[in-house]
Amino acid sequence: QVQVVESGGGLVQPGGSLRLSCAASGSIFGIDYMGWNRQAPGKERELVAVISSGGSIKYADSAKGRITISRDNAKNTVYQQMNSLKPEDTAVYYCNAFSSVYGRDYWGQGTQVTVYS
């Protein structure tokens, strides 16, 4: 069906930047929304940003002004540029792709982002 693979996590100091990438493959026809969610230790998974195939974007309030999501439809890849990172951004970041053909979300394995001082 659809495979989703994230990359780009790592360790960064407060104020630093990271760029996450997420590539979808397989039965990619009909993939509409792609987005990023994150889950910090002891907390529920939460939306960070989502972008439609037409370019409509939604950000969580915590992401506005610091995080930019973009998408390359030709490569079936979504990116998340994260700037001015804070310790509270530490989490596992998961990418998801929603397929309108299969009517469901597909999730990646996640990539760890750790912001430490």
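Residues numbered from 1 in each chain as written. Predicted model: local features only at pLDDT ≥ 70, side-chain atom pairs only at ≥ 80, totals over all residues. Heavy atoms only, no water.

(A) Highlighting the overall build of the chain. Along the backbone of the chain there are zero helices and 11 strands. Each helix (α) and strand (β) of the chain, taken in turn from the N terminus, gives the series β-β-β-β-β-β-β-β-β-β-β. Its C-alpha atoms give the chain a radius of gyration of 14 Å, near enough to 13 Å, the size a compact globule of 117 residues would have. For the chain, the spread of C-alpha atoms along the three principal axes comes to 45 × 25 × 20 Å. By the burial criterion, 43% of the 117 residues in the chain qualify as buried. Contacts in the chain between residues far apart in sequence, at least 24 positions, make up 54% of those at least 6 positions apart. For the chain, the exposed surface amounts to about 6,100 Å²; the carbon and sulfur share of it is 48%. (Helix = DSSP H or I, 4+ residues; strand = E, 2+ residues; numbered from the N terminus. Rg over C-alpha atoms; globule rule 2.2 N^0.38 Å. Buried < 20%, exposed > 50% of the residue type's maximum accessible area, 1.4 Å probe, protein only. Contact = heavy atoms within 4.5 Å. Areas by Shrake-Rupley, 256 points an atom, 1.4 Å probe, with all protein chains shown as cover.)

(B) Geometry of the sheet that holds strand 7 (residues 67–72). Ordered in space as 1-3-8-7, the four strands form an open sheet in which the pairing is antiparallel. Bordering the open sheet on either side are strand 1 (2–7) and strand 7, each of which pairs with just one other strand. When the angles between neighbouring strand axes are averaged without regard to direction, this sheet yields 15 degrees. Examined bridge by bridge, strand 7 and strand 8 (residues 77–82) share six bridges and lie antiparallel to one another. Each bridged residue has a counterpart across the sheet, and for I69 the counterpart in strand 8 is Q80. (Pairing = 2+ DSSP bridges. Axes fitted to C-alpha atoms, helices over the stretch in contact; angles between N-to-C directions.)

(C) Structural detail: the packing of aromatic side chains. Taken as a whole, this structure holds one aromatic pair when the rule is applied. Ring centres 6.3 Å apart and planes at 80 degrees place the aromatic pair Y102 and Y106 in the edge-to-face group. Its guanidinium or amino end placed over the ring of Y106, R104 lies 3.9 Å from that ring's centre, counting from NZ or CZ. (Phe/Tyr/Trp six-rings, centres within 6.5 Å; stacked < 30°, edge-to-face > 60°. Lys NZ or Arg CZ within 6 Å of the ring centre and 35° of its normal.)

(D) Summary view of the pattern of salt bridges. The full count for this structure, using the stated rule, is four salt bridges. In this structure, D89 and R66 form a salt bridge, with 2.7 Å as the shortest nitrogen-oxygen distance. Here D89 is found in the loop between strand 8 and strand 9 (91–99), whereas its partner R66 is found in the loop between strand 6 (57–59) and strand 7, with 23 residues between them in sequence. Accessibility expressed as a relative area gives 1% for D89, which makes it buried. Among the charged side chains, a salt-bridge network with shared partners connects R38, E46, R66 and D89. (Salt bridge = Lys/Arg side-chain N within 4 Å of Asp/Glu carboxyl O.)

(E) A look at the state of the cysteines. Counted under the stated rule, the structure contains one disulfide. Two residues, C22 and C95, share a disulfide whose sulfurs are 1.9 Å apart. Classification of the bridge connecting C22 and C95 rests on its S-S torsion, roughly -80 degrees, and on that basis the disulfide is left-handed. On the criterion of sequence distance, the pair formed by C22 in strand 3 (residues 18–26) and C95 in strand 9 is long-range, its members being 73 residues apart. (Disulfide = S-S within 2.5 Å.)

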